[in-house]
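This is what each chain is made of:
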Amino acid sequence: MPHDSIPEVVVTGIGMISSLGVGRHESWLSAREGRSGAAPVTAFDTSDYGSKIACEAKGFDPLDFLDRKNVRRSDRACHLAVGAARLALDDAELTINGNSREVGAVIASGGGGHGIYEHHLDTLAERGPDRVSPLAVASSIINMPAGMVSMELGLQGPLSCPVTACASSTHALGEGAHMIRRGAASAILAGGSEASIAPFIMAALDATRALSRRNDEPGAASRPFDADRDGFVLGEGAAVLVLESREHAERRGAPIICTLAGYGASGDAHHLTEPAPDGSSQAAALRICLERAGRGIDEVGYVNAHGTSTPTGDPVEVGMLRSVFGDRAPDLPVSSTKSMHGHCMGAGGALEAGLVAMTIGSGVIPPTINLESTDPECTGVDHVTAARDASVDLALSNSFGFGGHNAVIALATAA
Amino acid sequence: MGSKSDFPRVAVTGVGILCGLGIGREEVWANAAAGASGARTITRFDAGEHNVKIACEVPDFDPDRFVDTRSARRADPVSILGVAAGRLALEDADLDAGALTPERSGAVVASGTGGNMIRERQYKVMRERGPDRISPFAVPHSIANTPSALVSITFGLRGPVFSTTNACAASTDAVGTGGEIIRRGDADLVLAGGADSMVTPFWIAAFDAMRVLSHHNEDPAGAARPFDRSRDGFLIGEAGAVIVLERMDRALERGARIICELAGYGNSADAYHITDPDPTGEPQSWAMEAAIKDAAVAAEEVDYVNAHGGASQPGDPAEVLAIQRALGTEAAAAVAVSATKSMHGHCMGAAGAVEAALTAMAIEHQVLPPTLNLTDLDPDCEGVDHVVDTGRPSDVRVALSASYGLGGHNAVICMTRPAEAA
């Protein structure tokens, strides 16, 4: 149970950029409508690829958020991060002026500047070591989206980039909240960014056989929990939530969207790419999250599942939910919004948290689309397959990353 | 972080380290205390076309000594260094991995970018043979979280597991965050540290392009010269360094040897420039002040600062200014400072953990490791008591280890002698 003197953490702003749109309202409208962001890849030629589809953030123009010089010298992962952070800060009506030391940035990324890193590797291969750019390191490292957010917005509080593959930005939200709880900051811009639609990383993910090859039907390719699923659709995007101590938010009269009530993290200690089949460590993360929130399983009104649409991952997650929720599982509303925005890797957890926060605020649960014939191994929970009106007081967002990194956060109505 | 008495204290009970100074903490400490250099000509790849041909590689590293599973043998050297350091750390703490409580044991093991060698090789495969020829292991063995995942998998740690991927400050943040995980009650034991090897064709070229690497190829041992007027950059070092953090009461209960206490952690951001530190050192000083405050010690009690000391022209003076700001000029003049990167090189994502390990051993042995090659002190780096050439016996009760990373990451931890912890 939280100590009396430990601050409560609230969410006061949301910035989201993905194939579903730019900004939280556009993204939310797409999610409510059950729109798929998947389409053939336009960023590069995928003719030699098994998977040729992705969820690109086509509506995003970096020049809306950064000047031309900074756009040129940084990767799309940085552009997306700065974009989402600016949107979040505006949404929270938070100004940085004389309070820069109190506000930090915890912005995750799975791999940082994928595209620009590949460009610099090409330079090395084609023109030799002495022709590599002086900005090669700074533009490609994984923490630069966090660094650029700090620099562009003038945030001088704690700065970090937690990395746990596909769970990275759920860890970012949880660790960011702890920085507020321990008094290291009054507010943290927490989230993640990923610009993974680049030739090498997409080919390497394709080589693991994790990506869907339903190239002729992009909109139907991401189908979590469906019997015909064949992998995930790669997504790009960024999402940032403004986390604040309740006292700080109330003092400045900020709009409080919801609270970040709990966070649980665990490791499978099992395998580099496969989840532990018994789901016990995923369950531990979920239980710890609820325990830290001081809430019971009966109070959970919605679970935004990790639900990547891979053959092995989905049954483990649903099995875990059945075991944790027991008799309640058949009535537990569950959806995977990756069916719409794809798997945004290091940005996935934050994007999903953003949608969960919108769910709590608006009373509508976004759906799992393409779930037509539920895999018998994925039954036993209440799959939400079309946007549903529901008053949700407490919701969970699950993220599980390659390597066995499990993170679960709880968002709740602000009493 | 609230009243200190409300939170568990954090003990350091084991040190596992592999770096240019050797393998295992005895060898590394003996070399560090003697002022040895780990710099050599690069052997990991043919650096014939590179301007920089020197680095601090781990000498005589035999992965088979440390990893036994088939999947780990396929791993990148970065991950293997992490697992090896974890194994050495557990041995040093007199802990059997099988006897740990898995759910209460975590791993916060950072790296700068993960498996560089595998990623560069697989990129070459794509360029030369096509995207459909890439290995299915390319992703799992190159992503930056894999060192932490493999430490978790190898030792069965099922508490919080992640990497704080904060460039050159990464593993100072890993150690600080590992301590926080114990303080907030999410684990009783954390293997915290970092692993890195950026001695690869791309990274040597890319760091050289930034003009941050020393070009003294003909004199490897004399190349890294932090705070010296003639400094011209750092050497890239390889390393794995992991320290065992335990809840103090649990460690005392099991009769563990307490090497030191991890008493405080502070973190801040420059928000200044994509590659250069804020020349005033002010944001760095905030991280230092936060660590000192978190440890509930006074600035004038700080006996030793293991400096970041990247031997860059703008970085070193900013760091000395930060120490002066944080401690006050009078206390700063009396504080012993050294940059051990002059011996083990800049171990990037593992640097902070290597330096935390050396700081812990400095407290344990009551000897301060030196800055090598500091023969002509830059006037802009005056104002602190530089420890030079060889280890200096000293009464060390409170020590800081500072790391500053590209992107403006500032991280500082505070370690104290166990007598102070009682």
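Residues numbered from 1 in each chain as written. Chains lettered and ligands numbered in written order. Predicted model: local features only at pLDDT ≥ 70, side-chain atom pairs only at ≥ 80, totals over all residues. Heavy atoms only, no water.

### Focus on the overall build of chain A
Per the secondary structure count, chain A includes 13 helices and 18 strands. The C-alpha atoms of chain A give 20 Å as radius of gyration, which agrees with the globular expectation for 415 residues (22 Å, within 12%). The principal-axis extent of the C-alpha atoms belonging to chain A is close to 65 × 55 × 40 Å. Classification of the 415 residues of chain A by burial places 68% in the buried group. Split by element, the accessible area of chain A, about 12600 Å² in all, is 47% carbon and sulfur. Averaging the positions of the 31 positive and the 49 negative side-chain charges in chain A gives two centres separated by 5 Å. (Helix = DSSP H or I, 4+ residues; strand = E, 2+ residues; numbered from the N terminus. Rg over C-alpha atoms; globule rule 2.2 N^0.38 Å. Buried < 20%, exposed > 50% of the residue type's maximum accessible area, 1.4 Å probe, protein only. Areas by Shrake-Rupley, 256 points an atom, 1.4 Å probe, with all protein chains shown as cover. Lys, Arg positive; Asp, Glu negative; His and termini not counted. Charge placed at Lys NZ, Arg CZ, Asp CG, Glu CD.)

### Observations concerning helix α3 (residues 76-91) of chain A
Residue and element names in this part refer to chain A. Over its 16 residues, α3 extends 22 Å from the first C-alpha to the last, a length consistent with the 22 Å expected when each residue adds 1.5 Å. For α3, a buried count of 12 out of 16 residues is recorded, marking the element as mostly surrounded by other parts of the structure. All of the buried residues along α3 are Ala-77, Cys-78, His-79, Leu-80, Ala-81, Val-82, Gly-83, Ala-84, Ala-85, Ala-88, Leu-89 and Asp-91. For α3, the side-chain oxygen to backbone nitrogen distance between the N-cap and Ala-77 is 2.8 Å, and the N-cap itself is Asp-75. Phi for Glu-93, located one or two positions after α3, is positive at around 50 degrees. (Expected span 1.5 Å × (residues − 1). Polar contact = N/O pair within 3.5 Å; in protein donor to acceptor, adjacent residues only side chain to side chain.)

### Side note on the packing of aromatic side chains
Considering all chains together, one arrives at nine aromatic pairs over all chains under this definition. For the pair Phe200(A) and Tyr123(B), a centre-to-centre distance of 5.5 Å together with 70 degrees between the ring planes defines the contact as edge-to-face. Of the two residues, Phe200(A) is situated in helix α8 (residues 199-207) and Tyr123(B) in helix α4 (residues 116-129); the pairing between them involves two chains. Overall, the relative accessible area of 5% leaves Tyr123(B) in the buried class. (Phe/Tyr/Trp six-rings, centres within 6.5 Å; stacked < 30°, edge-to-face > 60°.)

### A look at the domain arrangement of chain A
Residue and element names in this part refer to chain A. Structurally, chain A comprises domain 1 (9-251) and domain 2 (263-404 + 408-412). With 60 residues of domain 1 in contact, the opposing surface of domain 2 contributes 56 residues. In this assembly, domain 1 packs against domain 2 so that about 4400 Å² is buried in total across both faces, 67% of it on carbon and sulfur atoms. Sorting the residues of domain 1 by area buried against domain 2 places Trp-28, Cys-166 and Phe-225 first, and these three jointly supply 21% of that buried surface. Applying the counting criterion to the domain 1 and domain 2 interface returns three salt bridges. Between Asp-314 and Arg-229 there is a salt bridge, and its shortest N-O distance comes to 3.5 Å. Our count for the domain 1 to domain 2 interface comes out at 25 residue pairs in polar contact (both at pLDDT 80 or more). Where the side of domain 1 that touches domain 2 is concerned, the elements lending two or more residues are β1 (9-18), α1 (24-33), α7 (168-181), β8 (187-194), β9 (234-235) and β10 (237-245). Residue classes in the side of domain 1 that touches domain 2 are distributed as 26 nonpolar, 24 polar and 10 charged. (Domains from an automatic or database assignment. Contact = heavy atoms within 4.5 Å. Buried area = accessible area lost by both parts, 1.4 Å probe. Salt bridge = Lys/Arg side-chain N within 4 Å of Asp/Glu carboxyl O. Nonpolar A, V, L, I, M, F, W, Y, C, P; charged D, E, K, R; others polar.)

### Some remarks on the domain arrangement of chain B
All names here are of chain B. According to the domain assignment, chain B contains domain 1 (4-253) and domain 2 (263-421). Taking only C-alpha atoms, the centre of domain 1 and the centre of domain 2 are 20 Å apart. Facing 64 residues of domain 1, the contacting portion of domain 2 comprises 70 residues. Across the domain 1 to domain 2 interface the summed buried area is about 4900 Å²; carbon plus sulfur atoms make up 63%. The interface formed by domain 1 and domain 2 includes five salt bridges. Sorting elements by how many residues they give to the side of domain 1 that touches domain 2 places helix α7 (residues 170-183) first, with nine residues. Looking at the side of domain 1 that touches domain 2, its residues break down into 35 nonpolar, 16 polar and 13 charged.

### Considering empty space enclosed by the protein
Evaluated as defined, the whole model comprises seven cavities of 30 Å³ or more. Computed from the structure, the largest cavity encloses a volume of approximately 350 Å³. Along its surface, the largest cavity is lined by 26 residues, and Gly110(A), Gly111(A), His114(A), Ile201(A) and Ile143(B) are the ones closest to its centre. For the lining of the largest cavity, the secondary-structure elements that each account for two or more residues are α4 (114-127) and α8 of chain A together with α5 (138-142) of chain B. Its residues assigned to classes, the lining of the largest cavity shows 13 nonpolar, 10 polar and three charged. (1 Å grid on protein atoms, 1.4 Å probe; cavity = no way out; pocket = protein on both sides within 12 Å on 5 of 7 lines; lining within 4 Å. Points joined across faces, edges and corners; volume = space filled by probe spheres on them.)

### Focus on the packing of α4(A) against α4(B)
Orientation of α4(A) relative to α4(B), taken along the N-to-C sense of each, is 75 degrees, at an axis distance of 11 Å. As summarised for this structure, α4(A) and α4(B) are arranged roughly perpendicular, according to the angle between their axes. In this structure, α4(A) contributes Tyr117(A), Glu118(A), Leu121(A), Asp122(A), Ala125(A) and Glu126(A) to the contact, and α4(B) contributes Arg119(B), Glu120(B), Tyr123(B) and Arg127(B). Classifying every residue of the contact of α4(A) with α4(B) gives four nonpolar, no polar and six charged. (Axes fitted to C-alpha atoms, helices over the stretch in contact; angles between N-to-C directions. Parallel < 35°, antiparallel > 145°, perpendicular 65-115°, else oblique.)

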